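# Tertiary structure, described
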Amino acid sequence: MVAPLRNDPWSVADMVGMSHPVDCSKPYDTSTLAGKTILITGGASGFGAAFARHWAQHGAHLIIGDVNDRAGEELVAELRSAPSTAASQVIVYQHCDVTSWPDQVALFQTAISSSPTHSLDAVVAGAGIIEKGNPLTPSPTSTFDLPYNLDPSTNNTPPPPPPLHILAVNLTGVMYTTHLALYHLPRNNPNPNPTPSTPQSSTRPRDRHILLLSSIAGLTPLPHQTEYTTSKHAIMGLFRALRGTAWQAHGVRVNVLAPYFVDTPLLPVAGRVLLAGVPLGEVGGVVDAGTRLMVEGGVRGRALGVGPGVRVVDGGGGGRVEGERRQAVWEIYGHDYERVETFVWRYLAVMNLMRGIKGWVGVVTDMWGICFGRRR
Ligand SMILES: NC(=O)c1ccc[n+]([C@@H]2O[C@H](COP(=O)([O-])OP(=O)(O)OC[C@H]3O[C@@H](n4cnc5c(N)ncnc54)[C@H](O)[C@@H]3O)[C@@H](O)[C@H]2O)c1
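The notes below deal with the structure included here.

Taken together, 28 residues are adjacent to the ligand, and Ser 45, Phe 47, Asp 66, Tyr 228 and Thr 264 come closest. Interatomic distance of 2.6 Å between a side-chain N/O atom of Asp 66 and an oxygen atom of the ligand. Note that an oxygen atom of the ligand is positioned 2.5 Å from one of the side-chain N or O atoms of Thr 264. Protein chains shield 93% of the accessible area of the ligand, which is 820 Å² for the free molecule. Comparing atom positions with the cavity grids shows the ligand to sit within the largest pocket. Broken down by secondary-structure element, the contributors of at least two residues to the shell around the ligand are helix 1 (46–57) and helix 5 (226–242).

The structure is reproduced here in structure tokens:
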């Protein structure tokens, strides 16, 4: 039997369906990836491409959106021709600028129409950019916290507005993706009817999962990466709010990854120089953490940090060493909803009450129909 998350009356962790902390030292079963339809934004490069490669090997159908069309098309060609890819597997690339609502609507429509089940199981909001300009030479298109043209001798002309393009991609783009995911995921049928001829992967209960990509910059400040830090903190805000409602309201699991610096095309040269000699996170660690969250259908409302792999010594009593292992993935930020204040408690209690009433209305309507002749 599993112990309750908290006995505290102010804990709503169970009420919102938040699962228990993830034990990252335990193995997980990747077989549930087979047959899942997964949409990935920013999937042409870095983490998104690595997820796609790994999940395609395990039989997932993938719909990849990105602005880097060449990398996206090349990735799809590579995955389609891989020996492990089945002929029936759907692997699609489509141009999608996440800051464009019509682009995102079209990407989701392509996912629904090309999926063998005409529905989605999971969405990864992976597209992201970072400030690449040199803080020592600010330009009108870069560096939020160093307004362009600070020279007092010129004049008092106000600077041009900051471009805020990082917020547009990393925040508005992710909000668009999440909103569309909350619209489409609940439309999948969670309990397909098995028939003797249906493959096992299509008779499992369906999953509904949103995987968000925050960062170490969602937990700590990165100087001169003001927009990036703001956007990644905002993704944590999005995750923390949604984990209180998405499961209860829509049966949608929401989880988030917060990787430390990893050597992908995202990392600016200045960052690489500053981090010289420092152990970085690894793409493999991010894929491991993302895959765990993707396959473990019981994991809801959890955040995993991914850092450089470190040696962990498991000890017995009295300083005895029982085993050693490498670990790069850690559970973080677990306490939300385990002790909330009055507004959140009352809001969630009312939401639950309304859902209960809605359920009873359904029962009464059905009974009325049975008694007075209306048939569904
Ligand atoms: N690499 C790191 O150190 C690191 C650490 C923590 C979090 N992250 C986050 O992980 C995510 C993936 O980053 P990555 O390291 O794989 O970088 P990446 O540059 O390899 O991948 C990001 C992808 O997003 C795409 N993209 C950019 N703007 C887009 C837009 N407007 N519309 C659609 N796609 C767009 C890019 O073309 C690229 O393919 C990002 O959200 C990033 O902030 C990265």
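Across all of its chains, the model carries six aromatic pairs by this definition. Judged by centre distance (4.5 Å) and plane angle (40 degrees), the rings of Trp 368 and Phe 372 are tilted. Here the two residues Trp 368 and Phe 372 agree in accessibility, since each one is exposed. One Lys or Arg, Arg 187, reaches over the ring of Tyr 183 and ends 3.9 Å from the middle of that ring. Just above the ring of Trp 247 sits the side chain of Arg 300; from NZ or CZ to the centre is 4.4 Å.

As a further point, take empty space enclosed by the protein. Under the definition given, this model contains two cavities of 30 Å³ or more. Estimated volume of the largest cavity: approximately 40 Å³. Every residue lining the largest cavity is listed: Val 16, Gly 17, Met 18, Leu 242, Arg 243, Ala 246, Trp 247, Val 252, Arg 253, Val 254, Arg 300 and Gly 301. Within the residue set of the lining of the largest cavity, elements represented by two or more residues are helix 6 (246–250) and strand 6 (253–259).

On to the pairing of strand 7 (residues 303–315). Taken together, the four bridges between strand 6 and strand 7 define a ladder with parallel strand orientation. Paired with Ala 258 across the bridge in strand 7 is Gly 305. Bridging between strand 7 and strand 8 (residues 321–332) involves 10 bridges; their strand directions are antiparallel. Across the sheet, Val 312 pairs through a bridge with Arg 325, a residue of strand 8. Count of turn residues in the strand 7/strand 8 antiparallel hairpin: five residues, of which Gly 318 carries a positive phi of about 65 degrees.

In this structure, the largest pocket occupies an estimated 680 Å³ of space. What lines the largest pocket is a set of 34 residues, among which Gly 126, Ala 127, Gly 128, Ile 129 and Leu 266 lie closest to the centre. Within the residue set of the lining of the largest pocket, elements represented by two or more residues are helix 1 and helix 5. Its residues placed into classes, the lining of the largest pocket shows 20 nonpolar, 10 polar and four charged.

Let's shift gears to unusual backbone geometry. The phi dihedral of His 118 falls on the positive side, at around 55 degrees, and the residue is not glycine. On the secondary structure map, His 118 appears in the loop between helix 3 (101–114) and strand 4 (122–125). Of note, His 224 is a non-glycine position whose phi angle comes to about 65 degrees, a positive value. One can find His 224 in the loop between strand 5 (209–213) and helix 5. Judged by relative accessible area, which is 34%, His 224 ranks as partly exposed.

Right, let's talk about the sheet that holds strand 4 for a bit. Taken in spatial order, the eight strands line up as 3-2-1-4-5-6-7-8 in an open sheet, and their pairing is mixed. Looking at which strands have only one partner, the edges of the open sheet turn out to be strand 3 (91–95) and strand 8. Sheet twist, expressed as the average angle between the axes of neighbouring strands with direction ignored, equals 25 degrees. The sheet strands contacting helix 4 (residues 165–184) are strand 1 (37–41), strand 4 and strand 5, and the helix crosses strand 5 at an angle near 170 degrees.

What counts as what
Residues numbered from 1 in each chain as written. Predicted model: local features only at pLDDT ≥ 70, side-chain atom pairs only at ≥ 80, totals over all residues. Heavy atoms only, no water. Near = heavy atom within 4 Å. Polar contact = N/O pair within 3.5 Å; in protein donor to acceptor, adjacent residues only side chain to side chain. Areas by Shrake-Rupley, 256 points an atom, 1.4 Å probe, with all protein chains shown as cover. 1 Å grid on protein atoms, 1.4 Å probe; cavity = no way out; pocket = protein on both sides within 12 Å on 5 of 7 lines; lining within 4 Å. Sits in = over half its atoms within 2 Å of the grid points. Helix = DSSP H or I, 4+ residues; strand = E, 2+ residues; numbered from the N terminus. Phe/Tyr/Trp six-rings, centres within 6.5 Å; stacked < 30°, edge-to-face > 60°. Buried < 20%, exposed > 50% of the residue type's maximum accessible area, 1.4 Å probe, protein only. Lys NZ or Arg CZ within 6 Å of the ring centre and 35° of its normal. Points joined across faces, edges and corners; volume = space filled by probe spheres on them. Pairing = 2+ DSSP bridges. Nonpolar A, V, L, I, M, F, W, Y, C, P; charged D, E, K, R; others polar. Axes fitted to C-alpha atoms, helices over the stretch in contact; angles between N-to-C directions. Contact = heavy atoms within 4.5 Å.

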